[in-house]
Amino acid sequence: MSLQLGVIGGTNLYHWSRKEGKNAEPPRTPYGTPSSPVLYVDVAGESVPIIVRHGLDHSIPPHRVNHAANLWALKAVGVTKVIGISSVGSLRREIRPPTVLIPDDYFSPFVVPTIHDREIVHITPQLDEELRKVILNAAEKAEVEYHPRGVYVQTVGPRLETKAEIMVIKNWGEVVGMSMASEATLAQEMGLHYASICSVDNYANGIAEENLSFERILEVAAENWNMVRRVLEELVELLKG
Ligand code: HPA
């Protein structure tokens, strides 16, 4: 675990080989129970700890994910750099799913989690630019089609957005999802370096003519996984140095 790298992602992470630790109980943390045990998978010859955000049986909806516990569990095994993989809808016709977007900022005025309930701490939220640059280099090396920046807008979920909501939300950013901003904020509060790879799995409601369904989003996410996986493999190669 010399890379000090951890990954939090959706159910597609589970396609990785090895998965040592999957039968362990999720650890206890000061913030409660994480979504899954910390599993170790093989990425480019390295053992990388991961947390499966929606649980190993995919039973934890976005609004109930305990991001603080997930991050703490990774920190407890020595992780200092976290990559969050997030499924998103595109708010732009030209950001055509399936594709990958590496966000450079987020907008999340509706959900603002904190670990600082009893003290006054005001972080200035930002994604870790150094880690983001490593992702960009990795995406280049992986030769996948990707978008190098964009604002991630977070909604509460679990339902998708109405067309009327998207008409407004599209003025705020490039992609919409339900978890990355919360995860990024809490990671920063915990002193972790955090950046994200967004798997663009659909057009947000009303951006294209096609009707939106969760089943279709999952299908495209599975297609996108190959790209995300290649970027992660190159990223591990780069961090190995
Ligand atoms: N909206 C919100 N979250 C999402 C979407 C979306 O269109 N696609 C994937 N996660």
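Residues numbered from 1 in each chain as written. Predicted model: local features only at pLDDT ≥ 70, side-chain atom pairs only at ≥ 80, totals over all residues. Heavy atoms only, no water.

Q: When you look at the environment of Tyr-194 in this model, what are you seeing that I'm missing?
A: Relative to the assigned elements, Tyr-194 resides in strand β10 (residues 193–203). C-alpha separation for the pair Tyr-194 and Ala-184, spaced 10 residues apart in sequence, amounts to 6.0 Å. Those residues within four positions of Tyr-194 in sequence are excluded, and the remaining contacts are Val-82, Gly-84, Leu-127, Asp-128, Leu-131, Met-180, Glu-183, Ala-184 and Ala-187. Polar contacts involving the side chain of Tyr-194 include one to the side chain of Glu-183, which spans 2.6 Å. (Helix = DSSP H or I, 4+ residues; strand = E, 2+ residues; numbered from the N terminus. Contact = heavy atoms within 4.5 Å. Polar contact = N/O pair within 3.5 Å; in protein donor to acceptor, adjacent residues only side chain to side chain.)

Q: Could you clarify how one ought to interpret the site of the ligand in this entry?
A: Every residue close to the ligand is listed here: Ser-87, Val-88, Gly-89, Leu-160, Glu-161, Val-176, Gly-177, Met-178, Asn-202 and Ile-217. Separating a nitrogen atom of the ligand from a backbone N or O atom of Gly-89 is a distance of 3.3 Å. Contact distances for the ligand include 2.7 Å between a nitrogen atom and a side-chain N or O atom of Asn-202. For the ligand, whose free accessible area comes to 260 Å², the fraction covered by protein is 94%. Looking at the shell around the ligand, the elements with two or more residues in it are β4 (81–90) and β9 (175–177). A per-element tally of the shell around the ligand places β4 first, with 3 residues. (Near = heavy atom within 4 Å. Areas by Shrake-Rupley, 256 points an atom, 1.4 Å probe, with all protein chains shown as cover.)

Just distances and angles here, no functional claims.
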